[in-house]
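Coordinate analysis (summary)
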Protein chains: 2
Amino acid sequence: MGGSPQPVTYHPIGVVRSSFTTPAGTPLQSVAASDVHGRIELDPRYEPGLRDLDGFSHLHVLTHLHLARPGELEVVPFLDDRLRGVFATRSPGHPNPIGLSVVRLLAVEGPVVHVEGLDLVDGTPVLDLKPFVPDFDNRETDRIGWFSGKTGQVFERCADDRFET
Amino acid sequence: MGGSPQPVTYHPIGVVRSSFTTPAGTPLQSVAASDVHGRIELDPRYEPGLRDLDGFSHLHVLTHLHLARPGELEVVPFLDDRLRGVFATRSPGHPNPIGLSVVRLLAVEGPVVHVEGLDLVDGTPVLDLKPFVPDFDNRETDRIGWFSGKTGQVFERCADDRFET
């Protein structure tokens, strides 16, 4: 790599407010949480950054999965029973445990964003919000590796405690 | 918020190798860089985490946009001529400048991932890789706010120096 890049420090812009108090029992993906309402409460200083956000129906929410236990580079993911390289999984325990959720925006109220589709534990720090733009974000894929035939399980199964601290 | 969350420190897992040496001239989105080949070079210690990744045709690449200049909460985005709340834009200069790219995987060779669709400057630190899974990641939206009618411009325009350090 020609010398490792320097560590990066981020200051969370807010927190998730949801009805999930532990990772165990939390939906595995936001597509499987379409009936789950919650809030993203930003630090009020960031409120001006929310201007125009209410024009969008969907948002990317980037979070710090603070309860994840990073470390293992091969993990047995929730939807499988075999060890997989962690970067080939959507498990929370990546070396940098950054959560990527797509939620439906319901309303913006001051520094609070009301959303639907939260697959996140209450108190999860929020790092960033970006508008979801299908022309940029949707893809047709040729191959989805070991997920093939397994994605429907996210509607039946929830997280357990395997990646928790 | 009931007390701000603590700062978060991440250690990049690798760097982007691309032909773009400055943000000015770099594609605005990975969809507009489908002919741009590049590499993600991981620190060799993370190589075991890449197992099984070659089964996927597309990846999310989360990066630290190290040349971005965070700070302003209202910005004039590349594709518009009006001030917008920064969280309603895909501009690089978000308070936590995390890049979200979707690239096509060409090959995995040891700790190196060869990809197509890189909208990133050479040397950009990489924070995470996740497989792209359409059932989890694609969305149909009702509204795309101020991007309406403007997304096609990413195929004609490149970044300029407005969000650079």
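In the block above lies the structure referred to throughout.
What you are looking at is a predicted structure, and each value in this text was computed from that prediction instead of being measured. (Residues numbered from 1 in each chain as written. Chains lettered and ligands numbered in written order. Predicted model: local features only at pLDDT ≥ 70, side-chain atom pairs only at ≥ 80, totals over all residues. Heavy atoms only, no water.)

**Side note on the overall build of chain A**
Across its full length, chain A holds 1 helix and 9 strands. The N-to-C order of helical and strand elements in chain A reads β-β-β-β-β-β-β-β-β-α. For 165 residues, the compact-globule formula gives about 15 Å, and the C-alpha radius of gyration of chain A, at 16 Å, lands near that figure. Taken along its principal axes, the extent of the C-alpha atoms in chain A is 45 × 40 × 35 Å. Every one of the 165 residues in chain A was classed for burial, and the buried ones make up 58%. By sequence separation, contacts in chain A at least 24 residues apart represent 79% of the contacts at least 6 residues apart. Here chain A has roughly 6400 Å² of accessible surface; of this, 46% comes from carbon and sulfur atoms. (Helix = DSSP H or I, 4+ residues; strand = E, 2+ residues; numbered from the N terminus. Rg over C-alpha atoms; globule rule 2.2 N^0.38 Å. Buried < 20%, exposed > 50% of the residue type's maximum accessible area, 1.4 Å probe, protein only. Contact = heavy atoms within 4.5 Å. Areas by Shrake-Rupley, 256 points an atom, 1.4 Å probe, with all protein chains shown as cover.)

**Details of the pattern of salt bridges**
Applying the stated criterion to the full structure yields 27 salt bridges over all chains. Of the charged contacts, one joins R84 of chain B and D52 of chain A as a salt bridge, the two residues approaching to 3.4 Å between their closest N and O atoms. Remark: D52 of chain A occurs in the loop between β3 (37–42) and β4 (58–64) and R84 of chain B occurs in strand β6 (residues 84–85); the pair is interchain, linking two chains. Among the charged side chains, a network of salt bridges with common partners joins R51 and D52 of chain A together with E74, D80, R84 and K150 of chain B. (Salt bridge = Lys/Arg side-chain N within 4 Å of Asp/Glu carboxyl O.)

**Considerations on the side chain of D119 of chain A**
Among the secondary structure elements, D119 of chain A is positioned in the loop between β8 (112–116) and β9 (125–131). Look at D119 of chain A: it is buried, it has no salt bridge, and the nearest opposite charge is R139 of chain B at 7.3 Å. At 3.0 Å, the side chain of D119 of chain A forms a polar contact with the backbone nitrogen of S30 of chain A. Discounting residues that sit within four places of it in the chain, D119 of chain A has contacts with T26, P27, L28, Q29, S30, A33 and S101 of chain A. (Lys, Arg positive; Asp, Glu negative; His and termini not counted. Polar contact = N/O pair within 3.5 Å; in protein donor to acceptor, adjacent residues only side chain to side chain.)

**Notes on the interface of chain B and chain A**
Interface size is commonly expressed as the accessible area that is lost once the parts come together. Contact with chain B, which involves 80 residues of that partner, is made by 80 residues of chain A. Between chain B and chain A, the buried area comes to about 7600 Å², and carbon and sulfur atoms account for 59% of it. The interface formed by chain B and chain A holds 8 salt bridges in total. Linking R104 of chain A and D142 of chain B is a salt bridge whose minimum nitrogen-to-oxygen distance equals 2.8 Å. In this structure, the connection of chain B to chain A is made through 51 residue pairs in polar contact (both at pLDDT 80 or more). Where the side of chain B that touches chain A is concerned, the elements lending two or more residues are β1 (8–10), β2 (14–17), β3 (37–42), β4 (58–64), β6, β7 (98–109), β9 (125–131) and α1 (134–137) of chain B. Of the residues belonging to the side of chain B that touches chain A, the class tally is 39 nonpolar, 22 polar and 19 charged. Sheet topology note: the strand β1 (residues 8–10) of chain A/β1 of chain B ladder contains 3 bridges and is antiparallel. In the sheet register, V8 of chain A faces β1 of chain B, and the bridge partner there is Y10 of chain B. (Buried area = accessible area lost by both parts, 1.4 Å probe. Nonpolar A, V, L, I, M, F, W, Y, C, P; charged D, E, K, R; others polar. Pairing = 2+ DSSP bridges.)

**Here we look at the nonpolar core**
Formed by 40 residues in total, the largest nonpolar core has its most connected members in F87 and F147 of chain A together with I40, L42, L53, V113 and L129 of chain B. With sequence-adjacent residues up to four places away left out, I40 of chain B is seen in contact with V15, V61, P111, V112, V113, V115, V126 and L129 of chain B. (Core = buried A, V, L, I, M, F, W, Y, C linked by side-chain atoms within 4.5 Å.)

**What about the side chain of R90 of chain A?**
By the secondary structure assignment, R90 of chain A is in the loop between β6 (84–85) and β7 (98–109). What makes R90 of chain A buried here is its relative accessible area of 15%. A polar contact is formed between the side chain of R90 of chain A and the backbone oxygen of P131 of chain B, at a distance of 2.9 Å. Within the local environment of R90 of chain A, its side chain forms a polar contact with the side chain of D137 of chain B, the two groups lying 2.8 Å apart. Sequence-distant contacts of R90 of chain A, that is, excluding residues within four places in its chain, are made with Q29, L100 and F147 of chain A together with H60, K130, P131, F132, V133, F136 and D137 of chain B.

**Some words on the relation of the copies chain B and chain A**
Both copies of the chain are tied together by a single rotation about an axis and a shift running along it. At an RMSD of 0.0 Å, chain B and chain A line up after a rotation of 180° and a shift of 0.0 Å along the axis. Here the copies are linked by what is in effect a two-fold axis. (Least-squares fit on C-alpha atoms with pLDDT ≥ 70 in both.)

**Structural notes on the sheet that holds β4 of chain A**
Residues and elements named next belong to chain A. Reading around the barrel, the 6 strands line up as β2-β3-β8-β7-β4-β9 and close back on themselves, with antiparallel pairing between neighbours. For this sheet, the mean angle separating the axes of adjacent strands, direction not counted, is 45°. In this structure, β3 lies alongside β8, joined through 5 bridges in antiparallel fashion. Bridging from a neighbouring strand, I40 pairs with V113 of β8. (Axes fitted to C-alpha atoms, helices over the stretch in contact; angles between N-to-C directions.)

**Some details on the sheet that holds strand β8 (residues 112–116) of chain B**
Residues and elements named next belong to chain B. Pairing is antiparallel in the closed barrel, where 6 strands are placed in the order β2-β3-β8-β7-β4-β9. Across the sheet, the axes of successive neighbouring strands diverge by a mean angle of 45°, strand direction being ignored. The pairing of β7 with β8 spans 5 bridges and is antiparallel. Pairing of L105 across the sheet is with V115, part of β8.

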